[in-house]
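Structural features, examined
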Amino acid sequence: NAGVTQTPKFRVLKTGQSMTLLCAQDMNHEYMYWYRQDPGMGLRLIHYSVGEGTTAKGEVPDGYNVSRLKKQNFLLGLESAAPSQTSVYFCASSYSVGVREAFFGQGTRLTVV
Amino acid sequence: EDKVVQSPLSLVVHEGDTVTLNCSYEVTNFRSLLWYKQEKKAPTFLFMLTSSGIEKKSGRLSSILDKKELFSILNITATQTGDSAVYLCAGGNQGAQKLVFGQGTRLTINP
C-alpha cells in the first residue's frame with residue numbers, strides 16, 4: 001500500500017520556468033492538501049481540495065495553481081517560478097479532519113535559482 | 001483566520017529529562033487537534049484529540065486537550081536522543097475540512 005506519493009522528489013528550476021508537482025494517493029481519501037515548509041515556519045497551507053473537481057485557497061496561494069481532475073491525484077503548478085518559492089512541498093490526504101489523521105507524502109525539495 | 005501557535009519554538013534538554021510542548025489554537029468549526037513528529041522527511045502521526053480532558057498515551061508520550069482554554073500539551077518523559085525532532089500540532093477545521101499547522105517546536109535531546 002503506497003499511501004501518498006509525490007513526484008518529483010527534487011527539482012531545480014530557473015526563475016520564470018514552470019513546473020507541476022504530482023501527488024497521488026491510493027486510500028480513496030476525499031480531502032487533499034498542498035503545504036510548503038520553510039525553516040522556522042512550520043507547514044503553511046497553499047491550496048486544498050475537498051473532492052474531485054473542487055479546490056480552495058489556503059494561507060499562501062499566490063503564485064500557485066492546483067487541479068483535482070481525478071480523486072486520487074492533486075496537482076500543484078507553478079506557472080512562473082520565483083526564488084521565494086524555494087521550499088519543501090508536502091502533499092497530504094485525509095478521510096476527515098475529525099475522524100482520522102492526515103497522511104503525508106515524502107516531500108519535494110524545490111530550488112528556484 | 002484560523003491560527004495555531006506553538007511554544008517554545010526551540011528546546012534543548014538532556015537525555016532523561018521530561019519536556020512539555022504547548023499548542024494554542026483559534027480554529028473556526030474546531031473538530032480535532034493533531035500532533036505530528038517530523039524527523040528528516042514527512043511528518044509522522046502521534047495523536048489526534050477531539051475531547052477535553054482525556055489523556056492519550058503512547059509509551060513515554062502523552063497529550064491532552066483543553067477545549068475551554070483552546071490549548072493542548074504534549075509531554076515526553078524520560079527523553080531519549082531519538083526523540084530529537086520537530087513536533088508539529090495542527091487544528092482541524094471541520095467546516096472547511098482543512099488542517100492548520102503551527103510553526104513547530106524543534107526539540108533537541110543531548111546525551
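In short, a report on the structure.

Scoring rules and cut-offs
Residues numbered from 1 in each chain as written. Chains lettered and ligands numbered in written order. Predicted model: local features only at pLDDT ≥ 70, side-chain atom pairs only at ≥ 80, totals over all residues. Heavy atoms only, no water. Pairing = 2+ DSSP bridges. Helix = DSSP H or I, 4+ residues; strand = E, 2+ residues; numbered from the N terminus. Axes fitted to C-alpha atoms, helices over the stretch in contact; angles between N-to-C directions. 1 Å grid on protein atoms, 1.4 Å probe; cavity = no way out; pocket = protein on both sides within 12 Å on 5 of 7 lines; lining within 4 Å. Points joined across faces, edges and corners; volume = space filled by probe spheres on them. Nonpolar A, V, L, I, M, F, W, Y, C, P; charged D, E, K, R; others polar. Buried < 20%, exposed > 50% of the residue type's maximum accessible area, 1.4 Å probe, protein only. Disulfide = S-S within 2.5 Å.

1. Observations concerning the sheet that holds strand E8 (residues 73–78) of chain A
Residue and element names in this part refer to chain A.
- Read from one edge to the other, the open sheet built from four strands follows the order E1-E3-E8-E7, with strand pairing classed as antiparallel. Either end of the sheet is taken by a strand with one partner, and the two such strands are strand E1 (4–7) and strand E7 (64–67). Across this sheet, the average inter-strand angle for adjacent strands is 20°, counted without regard to direction.
- Note that E1 and strand E3 (residues 19–25) share four bridges and pair antiparallel. Along E3, the bridge assignment pairs Gln6 with Cys23.

2. Focus: the layout of surface pockets
- When its volume is computed, the largest pocket comes out at roughly 710 Å³.
- Along the wall of the largest pocket there are 32 residues; nearest its centre are Gln37, Val88 and Arg109 of chain A together with Gln38 and Lys40 of chain B.
- If you list the elements that add at least two residues to the lining of the largest pocket, you get strand E9 (87–94) and strand E11 (108–112) of chain A together with strand E9 (85–93) and strand E11 (105–110) of chain B.
- Grouping the constituent residues of the lining of the largest pocket by class yields ten nonpolar, 15 polar and seven charged.
- The computed volume of the second largest pocket comes to approximately 170 Å³.
- Every residue lining the second largest pocket is counted, 13 residues in all, and those nearest its centre are Glu59 of chain A together with Val4, Phe101, Gly102 and Gln103 of chain B.
- For the lining of the second largest pocket, the element with the most residues is strand E1 (residues 3–7) of chain B, which contributes three residues.
- Considering only residue class, the lining of the second largest pocket consists of six nonpolar, two polar and five charged.

3. Let's talk about the sheet that holds strand E8 (residues 71–76) of chain B
Residues and elements named next belong to chain B.
- Ordered by their spatial adjacency, five strands build an open sheet running E1-E3-E8-E7-E6, and the pairing between neighbours is antiparallel. Each edge of the open sheet is held by one strand with a lone partner, namely E1 and strand E6 (56–58). In this sheet, adjacent strand axes meet at a mean angle of 15° when their direction is disregarded.

4. Examining the pairing of strand E4 (residues 30–38) of chain B
All names here are of chain B.
- With eight of its nine residues buried, E4 lies for the most part within the structure.
- Note: E4 against E9, eight bridges, orientation antiparallel. By the bridge assignment, Leu34 is partnered in E9 with Ala90.
- Note: E4 against strand E5 (residues 44–49), five bridges, orientation antiparallel. Looking across to E5, one finds that Leu34 is bridged to Met48.
- Between E4 and the antiparallel strand that follows it, E5, lie five residues.

5. Topic: the state of the cysteines
- Tallying each qualifying case throughout the model produces two disulfides over all chains.
- The disulfide partner of Cys23 of chain A is Cys91 of chain A, and the S-S distance across this bridge is 1.8 Å. Judged by the torsion about the S-S bond (-75°), the Cys23 of chain A/Cys91 of chain A disulfide is left-handed. One end of the pair, Cys23 of chain A, is in strand E3; the other, Cys91 of chain A, is in strand E9, with 68 residues separating them in the sequence. Per residue, the accessibility class of Cys23 of chain A equals that of Cys91 of chain A, and both read buried.
- In this model Cys23 of chain B forms its disulfide with Cys89 of chain B; the gap between the sulfur atoms is 1.9 Å. As the torsion about the S-S bond is roughly 75°, the Cys23 of chain B-Cys89 of chain B disulfide counts as right-handed. Of the two residues, Cys23 of chain B is situated in strand E3 (residues 19–26) and Cys89 of chain B in strand E9; the sequence distance between them amounts to 66 residues.
- We classify Cys89 of chain B as buried; its relative accessible area is 0%.

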